[in-house]
Amino acid sequence: MSQRIEPRIEAGWKARLADEFNTDSFNQLKAFLAAERQAGKVLYPPGSKLFSAFDNTPWDRVKVVIVGQDPYHGPGQANGLCFSVNPGVRPPPSLVNIFKELSSDLDCPIPKHGDLSHWAREGVLLLNATLTVEARRAGSHQDKGWEAFTHAVIEKVVAEKDHVVFILWGKYAQAKEAVIDTTRHRVIKSPHPSPFSADRGFFGSQPFSRTNAILNEWGLEPVDWVIPDA
C-alpha cells in the first residue's frame with residue numbers, strides 16, 4: 001500500500017471522513033493507485049496536493065460547493081482544486097469561460113492567473129468527483145473508487161451543515177443533486193463552462209451574484225470572488 005495516499009487531510013474533514021478511509025472501496029482505490037505508480041505511470045495532482053480542496057477549505061468554513069469532474073491531465077496543471085491550475089499555467093478553456101462569466105456577472109477584472117485557491121479560502125469547496133488522473137488520459141481514474149468517496153463528502157455536507165450553496169455545472173455534477181436537501185441548502189445549476197456547452201446557458205447564468213444573494217439572505221458573509229494577482 002502506498003504511503004503517498006494515506007489520508008493527510010485537514011483535521012475537521014478527517015474526523016468526519018475517518019470511516020470512509022477504511023471502507024473496502026477506499027482500500028481498493030489505494031491499491032489501484034499504488035499499482036499505477038509502481039507501473040511507472042505519472043499521476044496528477046502530485047500527492048501533496050491530493051486533498052488540497054479540503055486543506056484549503058476547512059470543514060468549519062464551507063458555505064459553497066462547486067463540483068468538477070476530474071483533474072486536468074496536462075503537466076503542471078492540476079493543483080487539487082476543481083477547475084483551478086497552478087500560477088504560471090495557462091488557464092484551460094473551461095476556466096477561461098468561468099472567468100468571462102465572472103467578469104460579466106460581477107464586473108470583476110479577468111484574473112491574471114488560474115489559481116482558485118482564493119475562492120477555496122473564502123469557503124468555496126472546489127471538489128472534483130475524481131481526485132486523480134493519469135497524465136494525458138482524461139477520465140482515466142473514473143469508476144476506480146473516488147466517486148464513492150466524494151459522494152460521501154457531499155452527503156456529509158448535506159447532512160451535517162445548514163445553508164450551503166451547491167453550484168453544479170453540467171450533467172455530471174448535476175447528478176449529485178439527488179442527495180441535496182433543498183429545504184436546507186440551495187442548488188444553482190447550468191450547462192458546463194466547456195466551449196462545447198457554455199453558449200447553451202452557462203454564459204448569463206450569473207452563478208456568482210446568485211450565490212452571494214443567497215448567502216446574504218441567510219445572513220452569511222458573501223464570497224469575495226475577485227481573485228487577487230499572484
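Higher on the page you've got the structure.
Residues numbered from 1 in each chain as written. Predicted model: local features only at pLDDT ≥ 70, side-chain atom pairs only at ≥ 80, totals over all residues. Heavy atoms only, no water.

A. Structural detail: helix α8 (residues 207-217). Those residues of α8 lying buried are Pro 207, Phe 208, Thr 211, Asn 212, Ile 214 and Leu 215. One face of α8 carries all of its buried residues, which in axial projection span an arc of 160°. For α8, the secondary structure elements touched by its buried residues are β2 (64-68), α4 (93-106), α5 (117-121), β5 (165-169) and β6 (186-190). Residue Gly 219 follows α8 closely and has a positive phi angle near 80°. (Buried < 20%, exposed > 50% of the residue type's maximum accessible area, 1.4 Å probe, protein only. Helix = DSSP H or I, 4+ residues; strand = E, 2+ residues; numbered from the N terminus. Arc of directions from axis to C-beta. Contact = heavy atoms within 4.5 Å.)

B. Highlighting the sheet that holds β5. What the 4 strands build is an open sheet, ordered β3-β2-β5-β6; its pairing is parallel. If you trace the sheet from one side to the other, it starts and ends with β3 (124-128) and β6, each paired once. Looking at each pair of strands side by side, their axes are set apart by 20° on average, direction ignored. Sheet topology places β2 next to β5; 4 bridges connect them, and they run parallel. By the bridge assignment, Val 65 is partnered in β5 with Phe 166. (Pairing = 2+ DSSP bridges. Axes fitted to C-alpha atoms, helices over the stretch in contact; angles between N-to-C directions.)

C. Up close: the side chain of Asn 128. Mapped onto the secondary structure, Asn 128 falls in strand β3. Taking relative accessible area as the criterion, Asn 128 reaches 7% and is therefore assigned buried. Of the polar contacts made by the side chain of Asn 128, one reaches the backbone nitrogen of Gln 69; its length is 3.3 Å. Residues in contact with Asn 128, not counting those within four places in the same chain, are Gly 68, Gln 69, Asp 70, Pro 71, Leu 81, Cys 82 and Thr 150. (Polar contact = N/O pair within 3.5 Å; in protein donor to acceptor, adjacent residues only side chain to side chain.)

D. Geometry of the pairing of β5. Taking burial as the measure, the 5 residues of β5 include 5 buried ones, the bulk of the element. Where burial is concerned, the two faces of β5 agree: the one with Val 165, Ile 167 and Trp 169 and the one with Phe 166 and Leu 168 are both buried. As defined by bridge partners, β5 adjoins β6 across 5 bridges and the pair is classed as parallel. Bridge pairing in β6 links Trp 169 to Ser 190.

E. Just the environment of Ile 227, in detail. Mapping Ile 227 onto the fold places it in the segment after α8. Leaving out residues up to four positions away in the same chain, Ile 227 has contacts with Phe 99, Pro 111, His 113, Asp 115, Leu 116, His 118 and Trp 119.

F. The arrangement of the nonpolar core in detail. Counting 62 residues, the largest nonpolar core has Trp 13, Phe 51, Phe 54, Trp 119 and Phe 149 as the members making the most contacts within it. Element by element, the count of residues in this core is highest for helix α6 (residues 146-160), at 6 residues. (Core = buried A, V, L, I, M, F, W, Y, C linked by side-chain atoms within 4.5 Å.)

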